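Observations on the three-dimensional arrangement
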Amino acid sequence: MQLVDNNTFLKRLEKLFEANKGTVWLTHKRLTYDGEDAVMDDGDESNREYPCLMRLTDGKKTQLSTHVKPADLVRFHTAYGSLLKASFTTLRKRDKKREKHRAEQAAQRKQRMAEPIVIKGPKRGNGRKKRQRQVKAALKLEAAKERAAKREETRIASSSR
């Protein structure tokens, strides 16, 4: 990973956006390691400002990183944001037709799950296999309802935490 200054990072990022129509990975995190051994002390570290580490890769040969000092962070984010906005013009629009189709299918599945399966026909003789298929479908529907109820319970439990 090549460490460059902030302006070079932004220039190379812009070139990468222009040249690469594929995927670009950007990571942004707080840099707590300053090159020294960690020392445990009782000092007040809550008001300390940390630099940010920005990394960039295209998954192949280009790998860059830069350290952004807290004093330069606002200026860097302004330039970085405008660069991202300018580069996102090549993004494809969402396929709303496909999303609508999937939503309709999900609604149909819920509706089918709500409808009970009527089991009719003789237990023996003509129509026996048809009745067996209906019984099997009813059992499968009950299992699906139980799974959906468990999913709903876990979703509610996780959202209430």
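Here the structure is shown first, and the text comes after it.
Residues numbered from 1 in each chain as written. Predicted model: local features only at pLDDT ≥ 70, side-chain atom pairs only at ≥ 80, totals over all residues. Heavy atoms only, no water.

**Details of the packing of aromatic side chains**
Any two aromatic rings considered together are summarised by their centre-to-centre distance and by the angle between their planes. Under the convention used in this document: Stacked, tilted and edge-to-face pairs are distinguished by plane angle, under 30 degrees for stacked and over 60 for edge-to-face with tilted covering the rest, among Phe, Tyr and Trp rings (Trp via its six-membered ring) whose centres lie within 6.5 Å. Counting from the N terminus, the helices are DSSP H or I runs at least four residues long and the strands are E runs at least two residues long. Burial status follows relative accessibility: with a 1.4 Å probe on protein chains alone, a residue under 20% of its type maximum counts as buried, one over 50% as exposed, and anything between as partly exposed.
This model, assessed by the stated rule, comprises 2 aromatic pairs. Seen from their ring centres, F9 and F76 are 6.3 Å apart, and the 40 degrees between their planes marks the pair as tilted. Of this pair, F9 sits in helix α1 (residues 6-19) while F76 sits in helix α2 (residues 73-87); the two residues are 67 residues apart in sequence, bridging distant segments of the chain. Since its relative accessible area comes to 0%, F9 is described here as buried. Taking relative accessible area as the criterion, F76 reaches 2% and is therefore assigned buried. Centre to centre, the rings of F76 and Y80 are 5.8 Å apart; their planes meet at 10 degrees, and the pair counts as stacked. Of this pair, F76 and Y80 are both found in helix α2, 4 residues apart, which corresponds to roughly one turn of the helix.

**Topic: α1**
The following threshold applies: Residue count minus one, scaled by 1.5 Å, sets the expected span of a helix. Regarding the arc, it is the one traced by the directions from the helix axis to the C-beta atoms.
Given a rise of 1.5 Å per residue, 14 residues ought to cover 20 Å, and the 20 Å separating the end C-alpha atoms of α1 matches this to within 8%. For α1, the full list of buried residues reads N6, F9, L10, L13, L16 and F17. Buried residues along α1 cover an arc of 125 degrees about the axis, so they all sit on one side. For α1, the exposed residues set more than 90 degrees away from the buried face come down to K11, K15, E18 and A19.

**Concerning the nonpolar core**
What counts, and what does not: Here the nonpolar core consists of buried residues drawn from Ala, Val, Leu, Ile, Met, Phe, Trp, Tyr and Cys, with membership extended through side-chain atoms lying within 4.5 Å. Every residue pair with non-hydrogen atoms within 4.5 Å of one another is taken to be in contact.
Grouped together as the largest cluster of nonpolar side chains are 16 residues, with contacts concentrated most on F9, L13, F17, M54, L56, F76 and Y80. Mapped onto this core, the elements with two or more residues apiece are α1, β3 (52-57), β4 (63-68) and α2. With 5 residues, α1 is the single largest residue contributor to this core. Ignoring anything within four residues of it in the chain, the contact list for F9 reads V4, M54, R55, L56, L64, S65, T66 and F76.

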